[in-house]
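Structure at a glance
Here are the chains, one letter per residue:
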Amino acid sequence: MADVVRIGLIGLGRIGKIHAENSARRVPGAWLEGIADIALQQEQLSWAEGLGVRLISRDPRDILKDPSIDAVLICSATHTHADLIIAAAAAGKHIFCEKPIDLSVPRVKAALAAVKQAGLILQIGFNRRFDHNFTRIRELTRAGDLGAVQLIKITSRDPAPPPPVYVASSGGLFMDMMIHDFDMARFQAGSEITQVYAAGAVLIDPEIGKAGDVDTAIVTLTFANGALGVIDNSRQAVYGYDQRVEVFGSKGVAVAENDLPNQVRVSTAAGVTEEKPLYFFLERYKEAYIAELASFVDAVVQHTPPKVSGEDGLENMYAALAAGKSLKEKRAVFIDEVRSE
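None of the values given here were measured: they were computed from a predicted structure. (Residues numbered from 1 in each chain as written. Predicted model: local features only at pLDDT ≥ 70, side-chain atom pairs only at ≥ 80, totals over all residues. Heavy atoms only, no water.)

Along its length, the chain carries 14 helices and 15 strands. Computed over its C-alpha atoms, the radius of gyration of the chain comes to 20 Å, within 12% of the 20 Å expected for a compact globule of 341 residues. Its C-alpha atoms give the chain principal-axis dimensions of about 55 × 55 × 45 Å. A sequence separation of at least 24 residues applies to 70% of the contacts in the chain between residues at least 6 apart. By element, 54% of the accessible surface of the chain is carried by carbon and sulfur atoms, the whole surface being about 15300 Å². (Helix = DSSP H or I, 4+ residues; strand = E, 2+ residues; numbered from the N terminus. Rg over C-alpha atoms; globule rule 2.2 N^0.38 Å. Contact = heavy atoms within 4.5 Å. Areas by Shrake-Rupley, 256 points an atom, 1.4 Å probe, with all protein chains shown as cover.)

Here we come to the pattern of salt bridges. Under the definition given, this model contains 30 salt bridges. Residues Arg61 and Asp59 are paired through a salt bridge, measuring 3.0 Å at the closest nitrogen-oxygen approach. Exposure remark for Arg61: the relative accessible area of 60% places this residue in the exposed category. A salt bridge links Arg235 to Asp158, with the shortest nitrogen-to-oxygen separation between them at 3.9 Å. One end of the pair, Arg235, is in the loop between strand E10 (228-234) and strand E11 (242-249); the other, Asp158, is in the loop between strand E7 (149-157) and helix H7 (164-170), with 77 residues separating them in the sequence. Since its relative accessible area comes to 9%, Asp158 is described here as buried. (Salt bridge = Lys/Arg side-chain N within 4 Å of Asp/Glu carboxyl O. Buried < 20%, exposed > 50% of the residue type's maximum accessible area, 1.4 Å probe, protein only.)

The next subject is a nonpolar patch on the surface. A cluster of nonpolar side chains, contributed by Leu151, Leu228, Phe248, Val253 and Val255, occupies part of the molecular surface with about 400 Å² of accessible area. As for its position among the elements, Val253 is in strand E12 (residues 252-256). (Patch = residues over 30% accessible without salt bridge, like charges linked within 9 Å, V, L, I, M, F, W, Y side chains within 5 Å.)

Given two aromatic rings, their pairing is described by the distance between the two centres and the angle made by the two planes. Enumeration according to the criterion identifies 6 aromatic pairs in this entry. Ring geometry for Tyr279 versus Phe280: centroids 6.2 Å apart, planes at 70 degrees, classification edge-to-face. The class of Tyr279 is partly exposed, set by a relative accessible area of 48%. A network of ring pairs unites the aromatic residues Phe134, Tyr241, Tyr279, Phe280, Phe281 and Tyr285 as a single cluster. Cation over ring: Lys17 sits above Trp47, and NZ or CZ is 4.8 Å from the ring centre. (Phe/Tyr/Trp six-rings, centres within 6.5 Å; stacked < 30°, edge-to-face > 60°. Lys NZ or Arg CZ within 6 Å of the ring centre and 35° of its normal.)

The side chains of a regular strand alternate, first on one face of the sheet and then on the other. Burial along strand E5 (residues 94-97) is two-sided: the residues His94 and Phe96 and Ile95 and Cys97 are all buried. Two elements, strand E4 (residues 71-74) and E5, share 4 bridges in a ladder whose sense is parallel. Bridge pairing links Leu73 to Phe96 in E5. Once you follow E4 into helix H4 (residues 78-90) and on to E5, the crossover reads as right-handed. Traced from E5 through helix H5 (residues 105-118) to strand E6 (residues 122-124), the parallel crossover comes out right-handed. (Pairing = 2+ DSSP bridges. Right-handed = clockwise from strand over helix to strand, strands pointing away.)

So, about the sheet that holds E4. The strands that make up a sheet are held in pairs by hydrogen bonds between backbone atoms, and each pair lies either parallel or antiparallel. On the basis of which strands lie adjacent, the open sheet formed by 6 strands has the order E3-E2-E1-E4-E5-E6 and parallel pairing. With partners counted over all chains shown, the strands left at the sheet margins are strand E3 (55-57) and E6, one partner each. When the angles between neighbouring strand axes are averaged without regard to direction, this sheet yields 20 degrees. Bridge count between E5 and E6: 3 bridges; the pairing is parallel. Its bridge partner being in E6, Cys97 is matched across the sheet by Ile124. (Axes fitted to C-alpha atoms, helices over the stretch in contact; angles between N-to-C directions.)

Ile35, Ile85, Ile95, Phe174, Phe182, Val219 and Leu221 are the most contacted members of the largest nonpolar core, which has 104 residues in total. By residue number, the principal contributor to this core is helix H12 (residues 286-302), which donates 9 residues. The contacts of Phe182, once residues within four sequence positions are left out, are Phe174, Ile193, Val219, Leu221, Ile231, Asn316, Ala319, Ala320 and Ala323. (Core = buried A, V, L, I, M, F, W, Y, C linked by side-chain atoms within 4.5 Å.)

Moving on to the packing of helix H6 (residues 132-143) against helix H9 (residues 178-189). Each packed pair of helices is defined by two parameters, the angle between the axes and the distance between the axes. The contact between H6 and H9 brings their axes to 8 Å, and the two run at 30 degrees. When H6 is examined against H9, the residues Phe134, Ile137, Arg138, Thr141 and Arg142 are found in contact with a partner set consisting of Met184, Phe187 and Gln188.

Moving on to the sheet that holds E12. With mixed pairing, 7 strands are arranged side by side in an open sheet as E12-E11-E7-E10-E9-E8-E15. Two strands lie at the open edges of the sheet, namely E12 and strand E15 (333-334), each paired on one side alone. Two strands pair when backbone bridges link them, and strand E8 (residues 193-201) and strand E9 (residues 216-223) are joined in this way by 8 bridges, in the antiparallel orientation. Bridge assignment links Ile193 to a residue of E9, and that residue is Phe223. Running at roughly 50 degrees to E8, helix H13 (residues 310-329) makes contact with E8, E9 and E15 of the sheet.

This next bit is on the side chain of Ser309. Considering the arrangement of structural elements, one finds Ser309 in the loop between H12 and H13. Relative accessible area serves as the criterion here: at 16%, Ser309 is assigned to the buried category. Of note is the side chain of Ser309, whose polar atom sits 3.3 Å from the backbone nitrogen of Glu311. Contact partners of Ser309, with chain neighbours within four places excluded, come to Leu122 and Ile124. (Polar contact = N/O pair within 3.5 Å; in protein donor to acceptor, adjacent residues only side chain to side chain.)

Written out as structure tokens, the structure reads:
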């Protein structure tokens, strides 16, 4: 394959537009060849034309059957992911897919099997692994600078809750939101999660509770290497998007604080102030989205394994399912329990 990867993108929601712009303008070696969205509007059509995209369609099959396209970016609704992965594999396309792969373990396994049989690359969109702060902590743990990892603390709080109609179809807080944190915990620990205990409540929006979910949760984790972890999630932090990670080891601790619009701290007689965190994920992880797509393009060009595999997606899903089971049954749940279900 040439050093340029010709990309077809499926799904033009918020994240799809980010990946489209990055493919067209910001990632060396990427060439945005086509875009498809089943609900394509005139505004989106004009926007895509402005990117210089050759193929614009309302039918994802047009992307999959185009022989000039090397890889597809799947950014459509969750319920379409597994079928599109299977179809892309059958068409011989390398695949980048946003999380989660599906809400059903059998469907996820079927998608992974199709990719494996076709001998193609599948990368899942856990973009936080590519964040500059979190990557630096992982470099420290991998080099042994912190010693043996003992404790991992992750805080992830959104600035505003999603609409209840979204909650009902998203798989819930553990599958939709905390799944990123399960991935980050595994990434930082360098070890798999073996046990999960979850506590949750509805403290922000009663409508989320009526939709069958929680909006506030704490989960404790046990890892195969003996380390422990804790994740706290909230659907609403009034001060902005709260994204912090701490890894404590036998030789020291590394802490990643929130990214701010600037690093200016103002001290006066009235007090000490600084900016609020960047508002939400599109702003906070702007550079991480570019880095993850660049990593995917490099894996396709170099024929190397992706940094976030389909198996990673499945492991994160197991952790989310275990958390849901723990919350429901009010007990610690071993990951092996959900693997066998």
